[in-house]
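# Close look at the chain arrangement
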Amino acid sequence: MDYKKQIELKAVYKNYRVKTSVSIFKPTYKEIEAIRGITFTHSITENLGIFGKNGAGKTTLIKLLTGILPPTSGEIKVLGFIPYKLRKEFKKQIGLFQGGKEQLIWDIPAIHSLELSRFIYGYSKNEFLQRLADFSKALDIGDELNQPLRNMSLGQRCKMELMFSFLHLPRLVFLDEPTSGLDIITRSNLRSFINFCHQQYGICFVISSHNVKDITDCCKSCIILDKGNILYQGDTYYLLEKNQRDLITINVDSENLANEISRKFGGKVNGNQVVLETSISDTNEIINQLLSQYNINDFQLKRKDTEDIFTEILKNE
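### Regarding the overall build of the protein chain
On a plain count of helices and strands, the protein chain comes out with eleven helices and 13 strands. By its C-alpha atoms, the protein chain is 75 × 55 × 45 Å across when sized along the principal axes. The buried share of the protein chain, taken over its 317 residues, is 44%. Entry remark: accessible area of the protein chain is about 16,600 Å², with carbon and sulfur atoms responsible for 47%.

The structure is reproduced here in structure tokens:
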């Protein structure tokens, strides 16, 4: 694999020193391990999702990969560069968007702030106008380009900040909580925009998010972090397929019958209702057994939600 087309970490640790007392003369400190010896390699031909609970180390990992923070120990290479050395050639090839953190100027029209990108990164006016047109169409942006940010909604400001983050068409873009605080329609539009840029321009996105759909909709590969450790790294679809389950909800005539079904099939009872969790391959057989052996009033079948799958992985770490 070409090291200039990959992200590589080897035994990376990142510790923070946190003050634990209010004493001026004899303060005490403790070390917190935000990242604990993680090692992985990722090709930038695919988007990468990073998922985990609060405090899992997601934002710290993004900061390490972008060079905002140096590691306490270990080696990091991104596109062949050591990120924290912040070489100009490296900074031109990456973009960073952090949800809730503003980069554009509040009181001038957004288009003037966006045009700063072409002066910073040195591309032509024609290239700027073409990219602006493509991005505006993909994000459904119109007259708001001529408005100052202070007159925009949160969703509109988020779109402008995203555009600014990669109008220069970097090879690699880091998105930290890109859909935080946005409504459901705007979130969907942003995910479509990310996929558009990946397909149209070949940009690789590294997305850190609490929102599972940000990862499942945009990232073929993912990492699940917990307490600074990697619980899983690999194909997102494989992870979901491996842990996917069907939920069968059954209503019967009595609680005694519900308990009997629960004992036999391992379900959870709530009055006259039983909820069974089955592997997808076993679902049809179990339904046939239930219908042939018991008097079932009605039943419902649904596939377990992807967010529930990720939550259970973290619970069963």
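### Side note on the packing of helix α4 (residues 125-139) against helix α5 (residues 154-166)
At a minimum axis separation of 11 Å, α4 and α5 run at an interaxial angle of 145°. Crossing hand, α4 versus α5: right-handed. Residues L132, F135, S136 and L139 of α4 form the contact with α5, whose own contacting residues are K159, M163 and F166. Looking at the contact of α4 with α5 residue by residue, the classes come out as five nonpolar, one polar and one charged.

### Re the environment of R87
Secondary-structure assignment places R87 in the loop between β4 (73-78) and α2 (88-91). The partly exposed category is assigned to R87, whose relative accessible area is 47%. Along the sequence, R87 and G67 sit 20 residues apart, while their C-alpha atoms lie 9.6 Å from each other.

### Comments concerning the confidence of the model for the protein chain
Predicted confidence across the protein chain gives a mean pLDDT of 86, with 98% of residues reaching 70 or more. Confidence, expressed as mean pLDDT per element, reaches its minimum in the protein chain at helix α11 (residues 306-315) with 76 and its maximum at β4 with 94.

### Some remarks on the pattern of salt bridges
The final tally for this structure, using the stated rule, is eleven salt bridges. With a shortest N-O distance of 3.7 Å, E89 and R87 are connected by a salt bridge. One salt bridge connects D217 with K213, and the closest N-O pair in it is separated by 3.3 Å. Note that D217 and K213 are positioned in helix α7 (residues 212-218) at a spacing of four residues, about one turn of the helix. Linked through salt bridges whose partners overlap, the residues forming this network are E115, R118 and K125.

### Here we look at the sheet that holds strand β6 (residues 172-176)
Judged by pairing direction, the sheet is mixed, and its six strands sit side by side in the order β5-β6-β7-β3-β8-β9 without closing on themselves. Because the sheet does not close on itself, it has two edges, and the strands there are β5 (94-98) and β9 (229-235). Direction aside, neighbouring strands of the sheet carry axes that sit 15° apart on average. Note that strand β8 (residues 221-226) and β9 share six bridges and pair antiparallel. Pairing of I224 across the sheet is with Y232, part of β9. Sitting on the sheet, helix α6 (residues 184-201) touches β6 and β7 (204-209), and the angle it makes with β7 is about 155°.

### A few points about the nonpolar core
L114, M160, F166, L175 and F205 are the most contacted members of the largest nonpolar core, which has 44 residues in total. Sorting elements by how many residues they give to this core places α5 first, with six residues. In contact with F205, other than residues within four places in its own chain, are N47, L48, F166, V173, L175, I194, C197 and H198. If you look at the next biggest cluster of nonpolar residues, it comprises 27 residues, including I35, I38, F40 and A56.

### A closer look at unusual backbone geometry
For L79, which is not a glycine, the phi torsion comes out positive at approximately 60°. Its place among the elements puts L79 in the loop between β4 and α2. At L169, a residue that is not glycine, the phi angle is positive and equals roughly 50°. Mapping L169 onto the fold places it in the loop between α5 and β6. Owing to a relative accessible area of 26%, L169 belongs among the partly exposed residues under this scheme.

### Structural notes on the packing of aromatic side chains
Applying the stated rule across the entire model yields eight aromatic pairs. Ring plane angle 50° and centroid distance 5.8 Å describe the contact between F81 and F90, whose orientation is recorded as tilted. Residue F90 is classed as buried on the basis of its relative accessible area, which comes to 0%. An angle of 55° between the planes, with centres 5.8 Å apart, marks the rings of F135 and F166 as tilted. Of this pair, F135 sits in helix α4 while F166 sits in helix α5, placing them 31 residues apart in sequence.

### Some details on the sheet that holds β4
Spatial strand order, β2-β1-β4: three strands in an open sheet with antiparallel pairing. Of all the strands in the sheet, the pair left with one neighbour each is β2 (29-43) and β4. Averaged over neighbouring strand pairs, the angle between their axes works out to 30° when direction is ignored. Direction of pairing for strand β1 (residues 6-19) relative to β4: antiparallel, over a ladder of five bridges. The residue bridging L9 from the neighbouring strand is I76, located in β4. Seen against the sheet, helix α1 (residues 58-66) touches β1, β2 and β4 and runs at an angle of roughly 120° to β1.

Definitions and limits used
Residues numbered from 1 in each chain as written. Predicted model: local features only at pLDDT ≥ 70, side-chain atom pairs only at ≥ 80, totals over all residues. Heavy atoms only, no water. Helix = DSSP H or I, 4+ residues; strand = E, 2+ residues; numbered from the N terminus. Buried < 20%, exposed > 50% of the residue type's maximum accessible area, 1.4 Å probe, protein only. Areas by Shrake-Rupley, 256 points an atom, 1.4 Å probe, with all protein chains shown as cover. Axes fitted to C-alpha atoms, helices over the stretch in contact; angles between N-to-C directions. Left-handed = near helix turned anticlockwise from the far one by under 90°. Contact = heavy atoms within 4.5 Å. Nonpolar A, V, L, I, M, F, W, Y, C, P; charged D, E, K, R; others polar. pLDDT = per-residue confidence, 0-100. Salt bridge = Lys/Arg side-chain N within 4 Å of Asp/Glu carboxyl O. Pairing = 2+ DSSP bridges. Core = buried A, V, L, I, M, F, W, Y, C linked by side-chain atoms within 4.5 Å. Phe/Tyr/Trp six-rings, centres within 6.5 Å; stacked < 30°, edge-to-face > 60°.

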